[in-house]
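Residue-level listing of the chains:
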Amino acid sequence: MVKFSEIERQRQVIQAKLDGLKAKEERNFTGQFSTPIVLAKAIIQHTTKIMPQGGKIRFLDPAFGTGAFFSALNSAFSATRIEAATGYEIDPHYGIPAKKLWSETILDLQLTDFTKAIPPIDDKNKFNLIICNPPYVRHHHINGQKEQLQAKAFSAANIKLSGLSGLYCYFMALSHPWLKSNGISGWLVPSEFMDVNYGQSVKHYLLNEVTLLQIHRFDPKDVQFDDALVSSAILWFKNKKPKVNHRVKFTYGGTIDQPAHEKEIRVKVLADEKKWTRFPVSGERFINSNSIPKLKDFFTVKRGIATGDNGFFIMSPEEIQRQNLLREQFRPILPSPRYLDVTEVNADEKGNPILKNQLFVLDCKLPIDEVKRDYPYLYIYLQKGVARGVPDRYLCKNRKIWYAQETRLESSFYCTYIGRGRKPFRFILNHSKAIVSNSYLILYPKPFLEKDIVTNAILKVRIIEALNQIPGKAMVDEGRVYGGGMHKLEPKELGNVPAIEIANLL
Ligand SMILES: C[S@@+](CC[C@H](N)C(=O)[O-])C[C@H]1O[C@@H](n2cnc3c(N)ncnc32)[C@H](O)[C@@H]1O
C-alpha cells in the first residue's frame, strides 16, 4: 500500500533540493514557486466543502511541479475515491524526479507543455477537479507565442485576453475545455487581475462563462506565506453558466475556512465594478459614482519625472560642488517620500526647499557640442555617465538628449505614489520650486482653482488639509495592491478618488 505521508516527506526534501539547484531569478522568470504544503492542504480541504459529497474524483493539475496539490488531495481523500489524476510539467528538472516520486500511484504525469496539450473531447474523460498554482510569468516574457495563445484562449473559453496578461491567465482559459460540466476548479493566482485593465477579460470569463463561487485573499498582516503568495488570491468556480442573481463570496484575512471578513456580492454589481479588491472589506457602491466629485474635477494628475538613473542625475549640493558643476544646470527635487518627513515644504529666497537633505536634479537641455565648448566640467561629468552606460538605459536612450529631463513644471501639490498600511498615501504642500521624481504624483490645479489660489493665499493650506482628510480607504479602493500589502496609485486612479472634502471646501 502506498504511504502518502512518507511520499510527502520525500517530496519536500526533493522540492527544496531542486529549488536550491536553480537561481532564484530563473525561478522568478519562469514562475516556478511551489505552494507550501500547509496552503495546498488548506485549499484542497476547502475544496472538499465546495464539491459534491461522494462520487469519484478525476483530478488535473496543469502546472504540477513536484505535486503539492496531488499530495494534499491524497491526504484529504481516500485513494479509492480518486479515479484518475493527471499532471503536466514542462520542466524536466522538476518533472523527472516528480514522475519517479509518484510512480507507485495512479498519477499520469505528462512532461510536456500544457498550453500545447489537446483537451479530451468526451466529457467522461474530462476532469471534475482542477487545482492549479499556474506559472506567474509576466506578459513580456511570453515570447513569440502570444498571438497563438490568445487565439487558443478565445476558442477554449471565449476569453479575449489582452496582450498584457500573464501566463496564468492563459492557463485558466486553456483549462476550461478540460473541466467537466459542473466540475470544480480552484486557482491560486496573483490578485492583480482583480483591479487592473488586463484583468477585465478574466473577470468577464469568471462572470459569464462559469459560476464564480469564491475569492479569498490573505491579509498581508497575517504573514503566513512569503510575499509572492500574500498578494495572491484563491478562486474557485464551477463549470456552469451562472444564474442572473448569483452572488459570489468574497473572503479576506484569517484563514480560508475562518476568514476575518466575508461578503456576498451580486454578479451584476461585479460586472460594473472595476476594483474587485474593495470586497469584502468595502461593500458595493450604492451612490452613482458618476455624481460624486473626483480629484480629477479639480486637478490634472501627472507622474513625477523619471530620470532614468537617479544615482547619476540627482545630487546633493556638496556633490555638485565636488564635481565643479554649476547650480544653474540643476533644478531642485524633493527627496523620495521615505526621506521626506514633513507635510509642508518651505522655500528659501531662491525657491530651493528648506530641507536637511536638499537634492538637485541635473537638467541641461544643451546639445553635447555646446556643453563641451562652454561647460567643460559638465562635459567631463557626462562622459563619466557614458562610461557607466547611463545613455544606454531605457529612458535615456529614448530621449533626444539623453541627459535632458522631461519638461514638467513644479506644483504646490504632490502625492506619494506608493505606501503601506491604513493610510498609505500622503499629500505634500510645496512652496518651493522643487519638482518630484516618479515616486510621487503631481496634482496641477485646474485653471479655475489656480485662479482662486492666486487670489487667496490661505487656500493652498486649506486644500492640503482637505486632501489629507480623504480617508485612506477611499484612496486604496481606487489603487492596486502588490506583494506585502504595498499600495500604488497611478495618475488616472488618483484622479478617480472621491474628493468630497475638496468640493465642500470650495
Ligand atoms: C507556480 S509553480 C507550481 C508548482 C506546483 N503545482 C505547486 O503548486 O507547488 C508552476 C509550475 O508550472 C510549470 N510550468 C510552467 N509552464 C508550464 C507549461 N507551459 N506547461 C506545464 N507546466 C508548466 C513550472 O515549471 C512550475 O513547476
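Bear in mind that the values here come from a model prediction, so they are computed numbers and not experimental data. (Residues numbered from 1 in each chain as written. Predicted model: local features only at pLDDT ≥ 70, side-chain atom pairs only at ≥ 80, totals over all residues. Heavy atoms only, no water.)

## Examining helix α8 (residues 199–208)
We apply this condition: Categorising residues by exposure relies on relative accessible area from a 1.4 Å probe, with only protein chains included: less than 20% of the type maximum marks a residue as buried, more than 50% marks it as exposed, and the intermediate range marks it as partly exposed. Here a strand is any run of E in DSSP of at least two residues, a helix any run of H or I of at least four, and the numbering for each starts at the N terminus. The contact criterion used is simple: two residues touch if any of their non-hydrogen atoms lie within 4.5 Å.
Counting buried residues along α8, 7 of its 10 residues qualify, which places the element largely inside the surrounding structure. Of the residues making up α8, those classed as buried are G199, S201, V202, K203, Y205, L206 and L207. Tucked into the core, α8 has its buried residues touching α6 (146–157), α7 (167–175), β6 (211–217), β7 (232–238) and α10 (267–272).

## Structural notes on the sheet that holds strand β11 (residues 314–315)
Strand pairs in the sheet, formed through backbone hydrogen bonds, run parallel or antiparallel to each other. Selection criterion: Any two strands between which DSSP finds at least two bridges are classified as paired.
Taken together, the 3 strands give an open sheet; going across it, the order is β11-β14-β12, and neighbouring strands pair in antiparallel fashion. Two strands lie at the open edges of the sheet, namely β11 and β12 (330–333), each paired on one side alone. Two elements, β12 and strand β14 (residues 359–362), share 4 bridges in a ladder whose sense is antiparallel. Residue pairing for β14: I333 is matched across the bridge by L359.

## Brief notes about the domain arrangement of the protein chain
Note the following rule: Boundary definitions for the domains trace back to an automatic or database domain assignment. Throughout, buried area stands for the accessible area (probe radius 1.4 Å) lost by two parts on being put together, summed over both. Between Lys or Arg on one side and Asp or Glu on the other, a salt bridge is scored when a side-chain nitrogen of the former is within 4 Å of a carboxyl oxygen of the latter. Polar contact is defined as a pair of N or O atoms within 3.5 Å, subject to the rule that within protein one atom must be able to donate a hydrogen and the other to accept it, and that residues adjacent in sequence are counted only when both atoms are side-chain atoms. Polar here means any residue other than Ala, Val, Leu, Ile, Met, Phe, Trp, Tyr, Cys and Pro, which are nonpolar, and Asp, Glu, Lys and Arg, which are charged; Gly is therefore polar.
The domain architecture assigned to the protein chain consists of domain 1 (4–278) and domain 2 (295–363 + 405–505). Between domain 1 and domain 2, a total of about 800 Å² is buried, with carbon and sulfur atoms accounting for 51% of that surface. Run the count over domain 1 and domain 2 and you get 2 salt bridges. Close ionic contact of D477 with R278 constitutes a salt bridge, the shortest N to O distance being 3.2 Å. In this assembly, domain 1 and domain 2 are joined by 4 residue pairs in polar contact (both at pLDDT 80 or more). For the side of domain 1 that touches domain 2, the class distribution of residues is 3 nonpolar, 2 polar and 6 charged.

## Regarding the pattern of salt bridges
In total, this model carries 26 salt bridges according to the counting rule given. Residue R9 pairs with E6 through a salt bridge whose shortest N-O separation is 2.8 Å. Residue R9 and its partner E6 are located together in helix α1 (residues 4–20), separated by 3 residues, close to a single helical turn. Salt-bridge contacts for D257 lead to K49; the nearest nitrogen and oxygen are separated by 3.0 Å.

## Considerations on the site of the ligand
Going by this rule: Nearness of a residue to a molecule or strand requires only that one of the residue's heavy atoms be within 4 Å of it. Using the Shrake-Rupley algorithm and a 1.4 Å probe, accessible areas are obtained, with residue cover drawn only from the displayed protein chains.
The full set close to the ligand counts 23 residues, and Q32, T35, A63, E89 and D113 are the nearest of them. One nitrogen or oxygen atom from the main chain of A63 is found 2.6 Å from a nitrogen atom belonging to the ligand. The contact in question runs from a nitrogen atom of the ligand to an N or O atom on the side chain of D113, over 2.7 Å. Bound to the protein, the ligand loses 95% of the 590 Å² it would expose on its own. Class assignment of the residues belonging to the shell around the ligand gives a composition of 12 nonpolar, 7 polar and 4 charged.

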